[in-house]
Amino acid sequence: MDEVFKALADPTRRALLDSLNARNGQTLRQLCAGLEMARQSVSKHLAVLEEAGLVNSVRQGREKLHYLNAAPVHEIAQRWISRYDRPRVQALADLKLALEEIPMDAPTFVYTTYIRTTPQKLWQALTDPSFTRRYWATEFTTDWSVGSEMIWDNHGVKITDPEQVVLEADPYSRLSYTWHSMTPELAKRFDWDEEMLAKLSGEARSKVTFSIEESASQVVKLTVVHDGFEPGSTLAEMVGHGWPSVVASLKSLLETGEPLPEDA
């Protein structure tokens, strides 16, 4: 928490966050263009933001792209806001909302958090239906072998499609799979109209990747990357709002034994 507040206290670092909020996934060169500051100085500010967990970086070829990470502010909001009256924390709430807004044309969603657990337990929480149904209301039927088909049970709706497959499965380290199909049954469950279903079912299939790194004793770094979206993707906007809540509930389940309430 101290590192987050320290990072947010500097106006240049807030300007960098504003820039990423306006256009996510920028290179260092692009971020420097909006600041009258040497490249090395901007790089140092980005390092502080990354250390605080407010910014993630992803390698794409020779370039290093920077993304907002809402996890630290989301966790501050979850743990602290209820302790104070609303007027005192309105500015923090506004910041939380701003950081969770993912631009419509963002090609990739990146989210990182730290969980007091082990890689083995986190892997189980990502793959075992007895865990996934508790924090996500979702279950998977698969043998978790690369190329194997996955049957989704999403909030009570079973979704089958030969293109729902496991892409990577390195136990306790890395897991990746394609996203589920958008079906009329799912639309009925979530009250999507025909226009919304048509938009979602017409989009290219995206994928999600979970990277697990042991950060310290009994502390694991989890990074969620959801990509494969086209510019203007409706699904990109939806997952941008959904993943912070899912990951926060996963974290709560592993650290306290209980997921977050559904309306948290």
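The sections below set out a description of the structure shown in this document.

## A word on the overall build of the protein
Helix and strand content of the protein: 11 helices and 10 strands. Looking at the 264 residues of the protein, the share that counts as buried comes to 47%. Of the contacts made within the protein by residues no fewer than 6 positions apart, 58% connect residues no fewer than 24 positions apart. As displayed, the protein offers around 13700 Å² of accessible surface, 49% of which is attributable to carbon and sulfur atoms.

## Notes on the packing of helix α7 (residues 119–127) against helix α8 (residues 129–136)
Between α7 and α8, whose axes approach to 5 Å, the crossing angle comes to 75°. One element, α7, and the other, α8, form an angle in the roughly perpendicular class. Counted together, Q124, A125, L126 and T127 of α7 and P129, F131, T132 and Y135 of α8 form the full contact between these two elements. Broken down by class, the residue content of the contact of α7 with α8 amounts to 5 nonpolar, 3 polar and no charged.

## Thoughts on the nonpolar core
Among the nonpolar cores identified, the biggest contains 43 residues, and L122, W136, Y177, W179, F210, L222 and W243 are the most heavily contacted of them. Ranked by the residues each element gives to this core, the list is headed by helix α11 (residues 234–256), at 9 residues. Excluding residues within four positions of it along the chain, W136 makes contact with W152, H155, Y177, W179, W243 and V246. In terms of nonpolar packing, the next biggest core, distinct from the first, is built from 17 residues, V4, L31, A52 and L68 among them.

## Quick look at the pattern of salt bridges
Throughout the structure, instances matching the rule amount to 9 salt bridges. Across the pair R134 and E258 runs a salt bridge, and its minimum N-O distance is 3.4 Å. Here the residue R134 occupies a position in helix α8, and E258 occupies one in the segment after α11, the gap between them amounting to 124 residues. Using a relative accessible area of 41% as the deciding quantity, one classes R134 as partly exposed. Of the residues examined, E258 reaches a relative accessible area of 49% and is grouped as partly exposed. Overlapping salt bridges, with partners in common, bring together R116, K251 and E255 in one network.

## Points about the sheet that holds strand β3 (residues 108–115)
Read across the sheet, 5 strands follow the order β3-β10-β9-β8-β7 without closing on themselves; strand pairing throughout is antiparallel. Both edges of this open sheet fall to β3 and β7 (166–170), since each of them pairs with a single strand only. On average, each strand axis in the sheet is tilted by 15° relative to the strand beside it, whichever way the strands run. Bridge count between strand β9 (residues 207–216) and strand β10 (residues 219–227): 9 bridges; the pairing is antiparallel. Counterpart to E213 in the pairing with β10 is K221. Packed on one face of the sheet, α7 meets β3, β7, β8 (174–178), β9 and β10 and runs near 160° to β9.

Calculation criteria
- Residues numbered from 1 in each chain as written.
- Predicted model: local features only at pLDDT ≥ 70, side-chain atom pairs only at ≥ 80, totals over all residues.
- Heavy atoms only, no water.
- Helix = DSSP H or I, 4+ residues; strand = E, 2+ residues; numbered from the N terminus.
- Buried < 20%, exposed > 50% of the residue type's maximum accessible area, 1.4 Å probe, protein only.
- Contact = heavy atoms within 4.5 Å.
- Areas by Shrake-Rupley, 256 points an atom, 1.4 Å probe, with all protein chains shown as cover.
- Axes fitted to C-alpha atoms, helices over the stretch in contact; angles between N-to-C directions.
- Parallel < 35°, antiparallel > 145°, perpendicular 65-115°, else oblique.
- Nonpolar A, V, L, I, M, F, W, Y, C, P; charged D, E, K, R; others polar.
- Core = buried A, V, L, I, M, F, W, Y, C linked by side-chain atoms within 4.5 Å.
- Salt bridge = Lys/Arg side-chain N within 4 Å of Asp/Glu carboxyl O.
- Pairing = 2+ DSSP bridges.

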